[in-house]
Structures are given as C-alpha cells and as structure tokens.
Amino acid sequence: MILPFDDNYFMKKALQEAEAAFDLGEVPVGAIVVVQDRIIARAHNLTEQLHDVTAHAEMQAITAAANFLGGKYLHNCTLYVTLEPCQMCAGALYWSQIPKIVYGATDTERGCGVMGTTLHPKTKIVGGIMEDEASELLKKFFIKKRNLN
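What you are looking at is a predicted structure, and each value in this text was computed from that prediction instead of being measured.

Asks: Quick question: what am I supposed to make of the UniProt feature "binding site: Zn(2+)" (unreviewed entry) in the protein chain here?
Replies: The feature "binding site: Zn(2+)" (unreviewed entry), as given by UniProt, occupies His 56, Cys 86 and Cys 89 in the numbering adopted here. Spatial clustering of the annotated residues is evident: they stretch over 34 residues in sequence, but the largest pairwise C-alpha distance comes to 9.3 Å. With respect to the helices and strands, His 56 occurs in the loop between α2 (47–50) and α3 (57–69). Once residues within four sequence positions are removed from consideration, His 56 is found in contact with Asn 45, Thr 47, Cys 86, Met 88 and Cys 89. Within the secondary structure layout, Cys 86 lies in the loop between β3 (77–83) and α4 (87–96). If sequence neighbours within four positions are ignored, Cys 86 has contacts with His 56, Glu 58, Arg 110 and Cys 112.

Dropping the structure here:
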C-alpha cells in the first residue's frame, strides 16, 4: 500500500530549495507547487541573482507552475513555502486562485498575516510546518550576513 505524501515531506523539498538560495547568497526561502502529490514547480529566492525585487520564491514558483499547467490559475494545487508569504506574494497567490498555502516560519514583520493581506476566499492557509528548521536557516543566513559586513 502506498501512503500519500504529507506536509512534512513537501516542506522538506521546499527547504532544499531554501538551502539552494542560501548557497547563492540569497535570503533562504524556498517554494514548491504540488498537484495530486506531484511536484510541478520548484523555486527559491533569486532577487540578488536577477537584480529583481519581485523574484521571490513564491513568484518564481507561481510562474513555473502556471507554465507547467498551461494556464494562469493554480486550481487543485498547494504551495509549500518555507516563510510566510509577503504582501506582494500573497497578492499574486490571490490572483492565481491557489486553494492551499502551507508555510514554515512566520514572518512577524512582513508576513501577509501581519500586514492584513487578503487571500482568495477559497484559499486555506496552514502555518508552522517545520517552522524550527525554516527559522534556523533564516537565522543562520542573517548571522552570516552580519558577520561579513
């Protein structure tokens, strides 16, 4: 009997993307998009590499998933992201009509929950999945960045 994958399994995959961002000197946020237990998009922050403030992991993942699906809506998909989406990403996720967002660490300063950003009325949001691992990677990044400056 094959068991379905769970949120921890997919968050581990998103954390692998966050580690790739860390290795590039990017803020370590990773994201994946899943449909029917299949990963259809993988992404991480690329704002420094692309010199683009909009190149957040979620934005990259939305674009990759939409290209895979051949349409702009991410119906039947779940986004797994290591950090609570910011206001910009939450807005894009609203328009994608994604039904579920699962995030790791809470962003107490710029997260969509703190900012009061409205998600699509049908979007379910789940936070705190592998929060410790996601938070530790972010802390490690900012400690390293402070020590270099």
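Back to the write-up after that little detour.
Asks: How do you make sense of the environment of Lys 124 when you look at a structure like this?
Replies: Mapping Lys 124 onto the fold places it in strand β5 (residues 124–126). For the pair formed by Lys 124 and Val 102, sequence separation is 22 residues and the distance between their alpha carbons is 8.4 Å. Apart from residues no more than four positions distant in its own chain, Lys 124 is found in contact with Pro 99, Lys 100 and Ile 101.

Asks: Explain the pattern of salt bridges here, please?
Replies: One side chain can pair with another of opposite charge once the charged atoms of both are near each other. Per the counting criterion, the structure on display carries three salt bridges. Close ionic contact of Lys 100 with Asp 7 constitutes a salt bridge, the shortest N to O distance being 4.0 Å. Residue Lys 100 is located in strand β4 (residues 100–105), and its partner Asp 7 is located in helix α1 (residues 7–23); the two are separated by 93 residues in the primary sequence. For Lys 100, a relative accessible area of 21% corresponds to the partly exposed category. The exposure class of Asp 7 is partly exposed, given its relative accessible area of 21%.

Asks: Quick question: what am I supposed to make of the nonpolar core here?
Replies: Generally speaking, a soluble globular protein has its nonpolar side chains buried in company with each other. Core analysis: the largest hydrophobic core is formed by 38 residues, its most contacted members being Met 11, Val 33, Leu 74, Cys 77, Leu 79, Tyr 80 and Ile 98. Contributions of two or more residues to this core are made by α1, β1 (30–35), β2 (38–44), α3, β3, α4, β4 and α6 (131–148). Ignoring anything within four residues of it in the chain, the contact list for Cys 77 reads Val 33, Val 34, Val 35, Ile 40, Leu 69, Ile 98, Pro 99 and Lys 100.

Asks: Whenever I open this one, the pairing of β3 confuses me. Can you help?
Replies: Here is the key point about a regular strand: its side chains alternate between the two faces of the sheet. Here β3 lies mainly inside the structure; seven of its seven residues are buried. As paired elements, β1 and β3 share five bridges and run antiparallel to each other. Paired with Val 34 across the bridge in β3 is Thr 78. In the sheet, β3 pairs with β4 via five bridges, with the strands oriented parallel. Paired with Leu 79 across the strands is Ile 101, a residue of β4. In this fold, the crossover linking β3 to β4 by way of α4 has right-handed handedness.

Asks: Even after reading the chapter, I still don't get the pairing of β1, so can you show me in this structure?
Replies: Among the six residues of β1, six are classified as buried, and the element is accordingly described as predominantly covered. By the alternation rule, side chains of β1 split into Gly 30, Ile 32 and Val 34 and Ala 31, Val 33 and Val 35, which are all buried. Between the end of β1 and the start of β2, which pair antiparallel, lie two residues, with Gln 36 showing a positive phi angle near 50°.

Quick notes on the rules
Residues numbered from 1 in each chain as written. Predicted model: local features only at pLDDT ≥ 70, side-chain atom pairs only at ≥ 80, totals over all residues. Heavy atoms only, no water. UniProt positions renumbered as here; feature names shortened; annotations may be inferred. Helix = DSSP H or I, 4+ residues; strand = E, 2+ residues; numbered from the N terminus. Contact = heavy atoms within 4.5 Å. Salt bridge = Lys/Arg side-chain N within 4 Å of Asp/Glu carboxyl O. Buried < 20%, exposed > 50% of the residue type's maximum accessible area, 1.4 Å probe, protein only. Core = buried A, V, L, I, M, F, W, Y, C linked by side-chain atoms within 4.5 Å. Pairing = 2+ DSSP bridges. Right-handed = clockwise from strand over helix to strand, strands pointing away.

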